[in-house]
Amino acid sequence: STLGLRRPYDDMAQLLKNGVEAELIAPIMAANGGDVEGAVEEYFRQRDAGEHARTAAERAERAARRADEYYQRPEGPGEPVLCNIYDLCFTAEDKDTGKKRSANSGLPAMGLGIYHSAIEVYGREFSFGFAQGGISGVFEVPPRTAGGVMSNISFKESLLLGSVFRSRFEVDHVLQRLAAKFRGDTYDIVRKNCNHFSNELAVYLVGCKIPSFINRPANVGK
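Note that this is a predicted model, so its numbers are computed, not measured.

(A) Molecular detail of the packing of helix H1 (residues 8–16) against helix H2 (residues 22–31). Their axes nearest at 9 Å, the elements H1 and H2 cross at an angle of 105 degrees. Taken together, H1 and H2 sit at an angle that is classed as roughly perpendicular. Taking contact as the criterion, the partners of Tyr9, Asp10, Met12, Ala13 and Leu16 in H1 are, on H2, Ala22, Ile25, Ala26, Met29 and Ala30. The class makeup of the residues in the contact of H1 with H2 is nine nonpolar, no polar and one charged.

In structure tokens form, the structure reads like this:
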């Protein structure tokens, strides 16, 4: 379905082939700001050095374990739910050194920073962004790696929102509903942005919204 959850790193891994694993190349992409060519080169350098070797048996065992856990609700304290916050950055010139540097495009010290947010649960990160062609704007990436597929953002911090007691299956069910609701071409920086999506998902999972400072510029603009 065109309104299904998007997984950009999985799509990239399928295009690259050669046994590239999405969850392993994602942090490399995020670290180098989305440079695909450089990330692929570094990925294979690490793989040749044995830094992230994983046998077929290990991959199969991991997949089987995930399948067994898919319908199980967490016990005890539940599963942590995090709000992952990214600085929305632009490149500026440092007056002292003359070199280019990354800076938040708002005023964080005054509570006016501009941020991208995502929700992390069960080791997966979900967010919303603009996309053309009538497809969903909701996408999934490995935690804290959105900077590899979105330009001008860098990971800032994670905030614990609470715990969820729903199963992975139940979480996926609501994500499919949100994927249809948050179409990529309905993105609006003031009325329907990533932080509005994070708010809605957070309320479903833990019963509370993300911290208000994250979406303050949009609230001011209303």
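Moving on, there is more to tell.
(B) Expanded view of unusual backbone geometry. The backbone of asparagine 18 shows a phi angle near 55 degrees, a positive value even though the residue is not glycine. Tracing the sequence through the fold places asparagine 18 in the loop between H1 and H2. In this structure, arginine 144 takes a positive phi of about 65 degrees despite not being glycine. Here arginine 144 lies in the loop between strand S5 (138–141) and strand S6 (153–164). Taking relative accessible area as the criterion, arginine 144 reaches 38% and is therefore assigned partly exposed.

(C) Local environment of the environment of glutamine 132. Considering the arrangement of structural elements, one finds glutamine 132 in the loop between strand S4 (124–128) and S5. Overall, glutamine 132 belongs to the exposed group, its relative accessible area being 63%.

(D) Highlighting the pattern of salt bridges. Taken as a whole and assessed by the stated rule, the structure comprises 11 salt bridges. Two residues, arginine 7 and glutamate 140, come together in a salt bridge whose shortest N-O distance is 3.0 Å. Of this pair, arginine 7 sits in the segment before H1 while glutamate 140 sits in strand S5; the two residues are 133 residues apart in sequence, bridging distant segments of the chain. When salt bridges that share partners are traced, they join Arg7, Arg124, Glu140 and Asp172 into one network.

Cut-offs applied
- Residues numbered from 1 in each chain as written.
- Predicted model: local features only at pLDDT ≥ 70, side-chain atom pairs only at ≥ 80, totals over all residues.
- Heavy atoms only, no water.
- Axes fitted to C-alpha atoms, helices over the stretch in contact; angles between N-to-C directions.
- Helix = DSSP H or I, 4+ residues; strand = E, 2+ residues; numbered from the N terminus.
- Parallel < 35°, antiparallel > 145°, perpendicular 65-115°, else oblique.
- Contact = heavy atoms within 4.5 Å.
- Nonpolar A, V, L, I, M, F, W, Y, C, P; charged D, E, K, R; others polar.
- Buried < 20%, exposed > 50% of the residue type's maximum accessible area, 1.4 Å probe, protein only.
- Salt bridge = Lys/Arg side-chain N within 4 Å of Asp/Glu carboxyl O.

By themselves, these figures tell us nothing about what the structure is for.
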